Structure formats: C-alpha cells, structure tokens
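# Coordinate analysis (summary)
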Amino acid sequence: MKSAATSIDGASKLSQGSDSSSKAPTPARIPILYVILGVLLVISIVPMYFYSAQVEAINRDRLKTNEMLLQNTVTRSLADDLSQHQRSMRMMLANLSSAIQVASGGDIGSKNIEAPELRALLENFVSSSDELAYATLLNSEAKGISAGRIAPDAFLQRELQHAYDAARDGRAYNGQALQVEDGKTSRTVVLVTSPMRYGGRFLGMVGAVVDLEFLIRRLHEVSGGGLIPYVVDSQGRLVAAGTQQYVTGQDMKNLEIVRNFVDEGNKAQLAATKEFAVKEGKNSIEMLGTYSPVTTLNWAVVVQKPQREAYRGVYEMQRTARLLALLAVLLSIGVSIFAARRITNPLHILTQSSRALARGDFSQRVHLRSRTEIGELAETFNTMSQELERFVEDLKRAAEENRALFLGSIQMLAGAVDEKDPYTRGHSDRVTRYSLMIGKELGLDATFMETLQISAQLHDVGKIGIEDRILKKPGALTAEEFEVMKTHTTKGANILRPVTQLAEMLPGIELHHEALDGRGYPYGLTGEQIPLLARVIAVADTFDALTTNRPYQHAHSPEEALKIIQNLAGKRLDPGPVAALMAVYGRGEIRIQRISIKRSVAVDPAANVSPAAAPPVVPAADATNLERTPV
C-alpha cells in the first residue's frame, strides 16, 4: 500500500522480509554437500583407482611372467634331460662299436658277423639298460645279428633301412617315434644308429631301439597343475605325451605353437612362449604354451595350459584387488559422506537461519559448537540477529508512534472541521466507525480497510474552506449557497492532493456525494464509475445524516433511516454496502446516542433552494425528497 499509513508502517515491512528478494528468481544452485562430497570422493577414489590399477597391472604382468618362466623351466629341463640322454646313448653306441671292432679285429664280414663274441656283446649291451629294447649290428653287406626284447615289425624294419642308408653315407640316424606291440605291452620306441668305419672304410652300422618309457614318465610327472606336456619331432609329429589325449605319430601342426616350431626348423635354438587358441568342436580354448628345442634330436618339448588355469593367480589377484578396491571405495564414500555432513550441516543450519532472518524472524539463533571458523561465524550471526531484532523493535515502536500521531492528526483535523458546526460534531468519527463496520461485513482486505478508515475520517475536510455564514446557516441555502457548499468535496481533495501518501484516499473524499443514477456531484458519475471506497462512505454518511439533528431536519430513528436508505439502494446508494449496514444493525452492533442542541430551525419554503441543499424534514416513508439531500 502506498498510503501514508503504509509508509509509516514501513518499518514493520522489514520484519516480513523484502518482497523483491523473496520473489526474485534465483539461479539453480548445487548443494555444497554435493560439492564437498564430490571433491572428497575424487581426491580419495581417483588416486586409489589409478594406484590399484597400476598395482594390478604390475602384479598381473609379474604373475604372467612367473607362469611363463615356470613353463620355460619345465620345458628346458625336459629338453636338457633328452639331450643328456641322447648324448649318453651315442656314447654307449660308440663304446659298443669300439668293442665290436676289437673283438672282430676290424672284420665283421660274412664270416665273422655271427661270431659268438659279437652276439654276446649285443646281448650284454641290451641287458645293460632297461631303456634298450633292441640292438642290431649290420656289416657292409647289410647282414648282421640282433638282440633284444622286441621283434622288429614292418615299421621298425623300414626305419632300420633308412638308418642303414644314412650309415653308408657316414651319418648317424635318429628315427621317428614308433608304437610297437599292442595292448598292455605296447611301447613307444625310437631308433638310434651310428656308422662303423675303420681305416677310412665302411664296416657297417650299430643301432639301438630306445624305449621312451623314461620320457613318458617324466612327462607324466610334470603334467600336474593343468600342464599338458608332450614332445614333437621336426615334422610336428608326436613323439611322446604325458596324457592319453594324444597318440604317438599324431600330426600336431594344427596347434599354432607346434607349427611355429616346425616353421623355425633348425633355427629353433631358444625356448619360445606364446598365447594361442585350441579348437575343441565349436568351442575355442585360449591357451598359453612354451616349447624348448632339443637340438641333438631336432625335437621340441612342448607344454601348454589353458589360460584360465595359467592365469588363475592373475584372476584371483584381480578379484581380490577389485573387492578390496570396492571396499576401500565404499569406506571412502562413507568417510566422505560423514566428513561432508560434518562440514555442511553447520552451513545448512546457518542457511536455514539466514532464510528465517530474511523472512523477518529475527528471533532465530544458531546453536553450533565448533572451534573452526564456522563456530565464529555462528556467533557473529547470533550477534547480528540480536542487533537486528533490537533495531526492528525500535523501528516498530517508532512506526507505531508515528502511526498513532498520524491518525491523531487526522482525527484532530476532522474534529476541527466538525467543531465549526455543533450539529456535525463527531460526524467524521461516526462515519468512520460505520464505514469500517460496512467494510468488515463486506469482507474487504486489511489494506482497503486502512484506506477506508483515513478516507472516511477526512471525507468532509473540504468544509474547512466553506464560509461559516453558509456552513452554519440555520435556514435553507439558496441555489448559489448550495453550489458553494457542493465544492467542499473538491476542496477537500485539493487540500490533500499534494500529500502523495494520501492519493488512494482521495476518491472517498472527492466522490462520496456521487450517486449511482448520475444525479450526484461533483462529476455526475454513474454505477461502477464510482469507486467502492466512495460508495461505502456514502452509505455511512447518509445513515449518520439521517440519525442526527440538522438545521433542516430532526433526527430519524435508526429504523426509519434504514428504511429510507433501503429505498435509495440501487438509485443513489450501492445495494451492497446498504445490505451490509442493515446486517450490522440487525446484529445490534450500532448504537445511536441522541444529542439535543437547542437551535431554531427556520426553513424558507419560498426560497429557491434545491432540496438536496436544504431538504425539509422528511417523513420516514418519503424517500424521494432525500435523494438529493447533501449529507
């Protein structure tokens, strides 16, 4: 409200907070709890993540390296055993060859080849080791003798032929692995031969069939822990295996690691480890394998292992590390939330208290026990709230005093106007009281009621500018006098118009004599053109005029006055305020106090006076003559 009363009450507005501040759109804000929580999580989880990822990668690489080293060690050990065994076998064959030459005198022709001494040497040679299954001695004519626990089959005979051809060329021979005999007596053997020469001439060949049972046992020994060991020759054919999954002579080049060895050929000197896949039906199994070449035999020892087994330690380490990382993250989140709340809860309390302060609740105090700057901020906030509360109370007290002074000044001004004529003494106070009763009955808001109170109190302030000879004239007014009397509405508005705080009260002062039918003054407004403020005051003014003694009439009883006013409803007066007045009177809230003033009433019937200026005494039933009564 922009009136004087509202401006005086401006201090109380402070206690209700600033309207602009409460209604102004505020940008979306991120709660500081989320900011602090995010920062704590970032500084705790991100380094932990990178650290754990780095440690996991290092450990994974180490575990992979360890597994590769294990396979490399196993294959290298088996390859060394095979090489050592091969050297031992070659040495035994060399010793046997020397013994045969000594015993035969360097002649193993057709006459001496079957000498008992030579046969004894072969038999002793075979019986000297369980790994020797067969031994043979052939001369330059491909005739010879043999001894052993097995009988050569067609495959072994073919191998002997290949060995003899190599011996004639002066080469030692290592045959391919063969499966001899059947059933439980079957065994894997390999032919090893060496040429015999004396004095630069070819004497013949000595050979031995070596039982590879020793190799199979070793392969079985290392087949634990998920390892699959086997030995292949230079063509990629299986020599021996630690499991029954593969058979001797099987082509193993379908495995990438074996194919790599075969492709390397004689260049394969060092162990190699790689990852590859093995097809089993429609499935593919990822494997980790290592091969180590046996250069003396041109073989390779191979071990392979499913990666899920080979890297089981890696996977377990990863699961453990991730579980521990997850627990650490959850712990970090918990600690971060706790820490963030410890930090933000005081700020939240301060924020809530600040909002209460902005709403005008200066009794708010912050109860925080903190040794940090937040505790100091809380103490400062409480001191500020206390000072503001005292300041606002002082402003309220001053505002109430100013308001009381303002209303008192208005009442004195209105009283000064009323004192000019004993007949109108107390008129402004009564009109104000009746107007407020009507406004309350109509349910008008508090702001309108304040405007109504001041406007009704000052509605006749313009009479201060009317000459006493007219204002106090005991008889009827002439037409000219009545025109002067009618100017009190505009005079009052003009007197108060310079006061900007009273701008909203002016319609009630200037227009309370307007009539709904357009027969009022000063502008002849009709219907809704007349503000509600003026319409309410008009009803209250008419009621007081009818119920008090005037120079031109005796006071009517309230019932008579209400009957007259009811007849004027819809013509001169607004039916709404009229109905409100009747309801208030019906409840007994209006009490009329009779005041008798001894003064003659003289009316000149012949005078040319408008009935509205100086109406005669009006009977209760005759409302038509009051329609122009200037009250």
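One structure accompanies this document, and this report is about it. Quick caveat: nothing in here was measured; it's all calculated off a predicted structure. (Residues numbered from 1 in each chain as written. Predicted model: local features only at pLDDT ≥ 70, side-chain atom pairs only at ≥ 80, totals over all residues. Heavy atoms only, no water.)

This part covers the nonpolar core. By size, the foremost hydrophobic cluster in this structure holds 43 residues, and its most contacted members are Leu82, Ile100, Ile108, Leu137, Leu215, Val231 and Trp299. Of the residues forming this core, the biggest block, 8 residues, is contributed by helix α4 (residues 32-104). Setting aside residues up to four positions removed in sequence, Leu82 forms contacts with Phe214, Leu215, Val231, Val294, Leu297, Trp299 and Val301. Phe543, Leu546, Ile564 and Leu581 belong to the second largest nonpolar core, which has 26 residues in total. (Core = buried A, V, L, I, M, F, W, Y, C linked by side-chain atoms within 4.5 Å. Buried < 20%, exposed > 50% of the residue type's maximum accessible area, 1.4 Å probe, protein only. Helix = DSSP H or I, 4+ residues; strand = E, 2+ residues; numbered from the N terminus. Contact = heavy atoms within 4.5 Å.)

With respect to topology, 5 strands assemble into an open sheet ordered β8-β7-β11-β10-β9, the strand pairing being antiparallel. The open sheet has two edge strands, β8 (238-241) and β9 (272-280), and neither has a second partner. The sheet shows a mean angle of 30° between the axes of neighbouring strands, direction not considered. Sheet topology places strand β7 (residues 228-232) next to β8; 3 bridges connect them, and they run antiparallel. Across the sheet, the residue bridging to Val232 is Leu238, located in β8. (Pairing = 2+ DSSP bridges. Axes fitted to C-alpha atoms, helices over the stretch in contact; angles between N-to-C directions.)

This part is about the packing of aromatic side chains. Per the stated rule, a full pass over the model turns up 5 aromatic pairs. Aromatic side chains Tyr230 and Tyr246 sit 5.5 Å apart centroid to centroid with 70° between the ring planes, which places their arrangement in the edge-to-face category. Here Tyr230, found in strand β7, pairs with Tyr246, found in the loop between β8 and α8 (256-264); they are 16 residues apart in sequence, far enough to count as distant. (Phe/Tyr/Trp six-rings, centres within 6.5 Å; stacked < 30°, edge-to-face > 60°.)

Further remarks concern the packing of helix α12 (residues 427-442) against helix α13 (residues 446-457). Where α12 meets α13, the closest approach of the two axes is 8 Å, and the angle between their N-to-C directions is 155°. Taken together, the axis directions place α12 and α13 in an arrangement best described as roughly antiparallel. Read as a crossing pair, α12 and α13 show a hand that is right-handed. Residue-level contacts link Ser428, Asp429, Val431, Thr432, Ser435, Leu436, Gly439 and Lys440 of α12 to Met449, Leu452, Gln453, Ala456 and Gln457 of α13. Taken together, the residues that form the contact of α12 with α13 break down as 5 nonpolar, 6 polar and 2 charged. (Parallel < 35°, antiparallel > 145°, perpendicular 65-115°, else oblique. Left-handed = near helix turned anticlockwise from the far one by under 90°. Nonpolar A, V, L, I, M, F, W, Y, C, P; charged D, E, K, R; others polar.)

On to the pattern of salt bridges. In total, this model carries 20 salt bridges according to the counting rule given. As a salt-bridge pair, Arg76 and Asp80 come within 3.4 Å of each other at their nearest N and O atoms. With a gap of 4 residues between them, Arg76 and Asp80 both fall in helix α4, about one helical turn apart. The salt bridge partner of Arg497 is Glu510, with a shortest N-O separation of 3.3 Å. Residue Arg497 is located in the loop between α16 (488-496) and α17 (506-510), and its partner Glu510 is located in helix α17; the two are separated by 13 residues in the primary sequence. By relative accessible area, which is 39% here, Arg497 ends up partly exposed. Given a relative accessible area of 11%, Glu510 falls into the buried group. Salt bridges sharing partners connect three or more residues here, namely Asp81, Arg218 and Glu221. (Salt bridge = Lys/Arg side-chain N within 4 Å of Asp/Glu carboxyl O.)

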